[in-house]
Amino acid sequence: MQDGYKVLTLSNGSEIRTRAVVLTMGVSYRTLEVPGIESLTGAGVYYGAARTEARSCDQQDVYIVGGGNSAGQAAMYLATYARRVFILIRGESLAASMSAYLIEQIRQTPNIEILPFTQVREVRGQDHLEEVVIDNNGQREVRPARALFVFIGAKPSTEWICSLALCDAKGFLLTGRDLVADPRYAASWKHNREPYLLETCVPGIFAAGDSRAGAMARVASAVGEGSMAIKFVHQYLDE
């Protein structure tokens, strides 16, 4: 920060001085680190792509890794196509990580099975996923699989900015009302007004899309937030 301007230093060492910045860094999906995963990613192993691949799983067995709402929603959608859907979780149940309504829907869907205390140890296949090797409560099993969908969370690309702007415990940027509700807000916000809806704790720096705390992980939502952020940029510049 220099005289009200933000100074961005690029990877080649050059600098850009600007009054306002919109951060849209997105996230990177956490990967499953097991043998065979790299060669089969996109060929039977997918990260958050259940809807686009569901039809190719018609009347076959598919596996889901993860116990959050995204995993539950994917399981319900896949169950309309696949013969069987297996949800693999490390813990005892879904109660700690999934909404009650989804758990109830899964319970009432006969071709969805939850495998507690289970982890993937290896994936196998030539040109496409053919088998998953799992550790099921201490027992090693090799099972045929048409697809493996991984929902183990995402990491925001915010490491470089969290020393300047406030982030939550997972690294997502706090903006607007979420920022005001944070106990660090009073010490971090230096302005005679409250932050705009998508504004970080640094006046004139805005965040939109998946790297923002509380954002919906949807393309349409990210596009809408980007448009809103530009509106707030104009308001900020008019001050």
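Please refer to the structure higher up on the page.
This report concerns the structure included in the present document. Source: prediction; values computed, not measured.

**Here we look at the sheet that holds strand β7 (residues 84-88)**
Read across the open sheet, the five strands follow the order β5-β12-β6-β7-β8; overall the sheet is parallel. Bordering the open sheet on either side are β5 (45-47) and β8 (112-115), each of which pairs with just one other strand. Sheet twist, expressed as the mean angle between neighbouring strand axes with direction ignored, is 20°. Pairing of β7 with β8 involves four bridges; the strand directions are parallel. Bridging across to β8, V85 finds its partner in I112. Sitting on the sheet, helix α3 (residues 69-78) touches β6 (61-65), β7, β8 and β12 (147-150), and the angle it makes with β6 is about 170°.

**Some remarks on the packing of aromatic side chains**
On inspection of all chains with the given rule, the structure shows seven aromatic pairs. With a centroid separation of 6.5 Å and an interplanar angle of 20°, the aromatic rings of Y196 and F206 are classed as stacked. Here Y196 is found in the loop between α6 (185-188) and β14 (205-207), whereas its partner F206 is found in strand β14, with ten residues between them in sequence. Seen from their ring centres, F206 and Y236 are 6.4 Å apart, and the 75° between their planes marks the pair as edge-to-face. Here the residue F206 occupies a position in strand β14, and Y236 occupies one in helix α7 (residues 219-238), the gap between them amounting to 30 residues.

**Some remarks on α7**
Here α7 contains 20 residues, and its C-alpha end-to-end distance of 29 Å stays within 8% of the 28 Å for a straight helix at 1.5 Å per residue. By the burial criterion, the buried members of α7 are S221, E225, A229, F232, V233 and Y236. For α7, the arc enclosing every buried residue in end-on projection is 120°, short of the 170-degree limit, so these residues lie on one face. For α7, exposure combined with an orientation more than 90 degrees from the buried face picks out V219, A220, V223, K231 and D238. Taken together, the buried residues of α7 touch β1 (6-9), β3 (21-23) and β14.

The rules behind these values
Residues numbered from 1 in each chain as written. Predicted model: local features only at pLDDT ≥ 70, side-chain atom pairs only at ≥ 80, totals over all residues. Heavy atoms only, no water. Pairing = 2+ DSSP bridges. Helix = DSSP H or I, 4+ residues; strand = E, 2+ residues; numbered from the N terminus. Axes fitted to C-alpha atoms, helices over the stretch in contact; angles between N-to-C directions. Contact = heavy atoms within 4.5 Å. Phe/Tyr/Trp six-rings, centres within 6.5 Å; stacked < 30°, edge-to-face > 60°. Expected span 1.5 Å × (residues − 1). Buried < 20%, exposed > 50% of the residue type's maximum accessible area, 1.4 Å probe, protein only. Arc of directions from axis to C-beta.

Any functional reading would require information beyond the geometric quantities listed.
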